[in-house]
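Overview (structure and organization)
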Amino acid sequence: MANATTLSDRARRDSRGALTYLILIVFLVIAVLPFVGIILTAFKTPSELTSSPFALPTVWHWENFVEAWNGARFGSYFAASVIVVVPVVVISSVLATMSGFGFGMFRFPGDNLLLLIILLGLMVPFEAVIIPLWQIMGDLGLRNTYWALILPQVALSFAFGTFWMRANFKNMPTELIDAAVVDGCSTWGVLWRILFPLSRPALLSLVVLLFMWTWNEFFLVLVMASGDLRTLPVGLALLRGRYAADVPVMAAASIMVFLPVLVIYIFFQRSFIEGMISGALKG
């Protein structure tokens, strides 16, 4: 009787596991199909689009990517994206690490109020401050420069990064920190020599998120920049007016826009997932 009950429980667990995998596969197919359609479209000619979007092209037209890169000036847009993204991610990550350490490990007068002021960057919609920001950048002579794209995004990324790294440092083992202090380690030493290596998953997760958000930023770039200062998402929007009838070229341009984000995620995938799961468990 006991063996029959055990087999019945095992069968139920197996059926639930099979159903779970089936549901995951269905959602995976739903998520992947649009990307498959875009990739296949990018290698076709406009005349081939009358068939199924998932049909293989008769000839793989790599010249669609060349046309999108050269004819639509995507080379300039790509360079502008890199020039904006790298400083935003680096500066925001460093500042967020230090501020998260301060708020997570120390108590000082007004710390909750100061943290609330910083987190206003997450609470206030960006559209609500774009007009004052546009005026301020004009008064400072920074409008239509890279600084007009970098500084506001550093401020926004710093707010989220502080919240993210504060949660990471608050859950660090206090025994390890106390032992480092007893051994004569300074505050900076505790941060960079003890806690920083332990914070690698959380920090890399933050880097991936900031890279993705900054790379895909559209509204700020559209308002603050023009010409070669515009980044890839805005360039893709402008491409629609020039190549509205040439869908394969637009599909090729779309691939070039999301490909760097995909590469970054794949490269840091393990650390990103580890940081997200760790944050969820600690929360």
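These remarks concern the structure in this document.

Remarks on the packing of aromatic side chains
- A full pass over the atoms with the stated rule returns 16 aromatic pairs.
- Residues F43 and W62 carry aromatic rings whose centres are separated by 4.7 Å and whose planes lie at 80° to one another, so their mutual orientation is edge-to-face. With a gap of 19 residues between them, F43 in the loop between α1 (2–42) and α2 (63–71) and W62 in the loop between α1 and α2 connect regions that are remote in the sequence.
- You can call W62 exposed: its relative accessible area is 57%.
- A ring pair is formed by W188 and W192, whose centres lie 6.4 Å apart and whose planes are at 5°; its orientation type is stacked. Residue W188 and its partner W192 are located together in helix α8 (residues 187–198), separated by four residues, close to a single helical turn.
- Assessed through its relative accessible area of 34%, W192 is described here as partly exposed.
- Each residue in the set F43, W60, W62 and F65 is aromatic and connected to the rest through ring pairs, giving one cluster.

What about the packing of helix α3 (residues 74–105) against helix α9 (residues 200–215)?
- Packing of α3 against α9 brings their axes to within 9 Å, and their N-to-C directions diverge by 145°. The two elements α3 and α9 meet at a crossing, and its hand is right-handed. Taken together, the residues of α9 that come into contact with α3 (itself represented by F78, S81, V82, V84, V85, V88, V89, S92, S93, A96 and T97) are L203, L206, V207, L210, F211, T214 and W215.
- A per-class count over the contact of α3 with α9 returns 13 nonpolar, five polar and no charged.

Observations concerning unusual backbone geometry
- Although it is not a glycine, N144 adopts a positive phi angle of roughly 65°.
- By the secondary structure assignment, N144 is in the loop between α5 (130–139) and α6 (147–170).
- N144 gets classed as partly exposed once you look at its relative accessible area, which sits at 36%.

What counts, and at which threshold
- The residue numbers shown here count from 1 along each chain, following its written sequence.
- Totals for whole chains, interfaces and linings use every residue, but because this is a predicted model, local features are given only for residues with pLDDT of at least 70 and side-chain atom pairs only at 80 or more, for both listing and counting.
- Only hydrogens and water are removed before side-chain values are computed, so all heavy atoms of the structure are retained for them.
- A pair of Phe, Tyr and Trp rings is counted when the ring centres sit within 6.5 Å of each other, with Trp represented by its six-membered ring. The angle between the planes then sorts it: under 30 degrees is stacked, over 60 is edge-to-face, the rest tilted.
- Secondary structure elements follow DSSP: runs of H or I no shorter than four residues count as helices, runs of E no shorter than two count as strands, and numbering proceeds from the N terminus.
- Each residue gets one of three labels from its accessible area relative to the maximum for its type: buried under 20%, exposed over 50%, partly exposed in between, using a 1.4 Å probe on protein chains only.
- Helix axes use the C-alpha atoms of the stretch in contact, all axes being lines fitted to C-alpha atoms, and the angles between their N-to-C directions lie in the range 0 to 180 degrees.
- Note on convention: near helix rotated counterclockwise from far helix by under a right angle means a left-handed crossing. Clockwise means right-handed.
- Contact definition: two residues touch when any of their heavy atoms are within 4.5 Å.
- Asp, Glu, Lys and Arg are counted as charged, while Ala, Val, Leu, Ile, Met, Phe, Trp, Tyr, Cys and Pro are counted as nonpolar; the rest, among them Gly, fall into the polar class.

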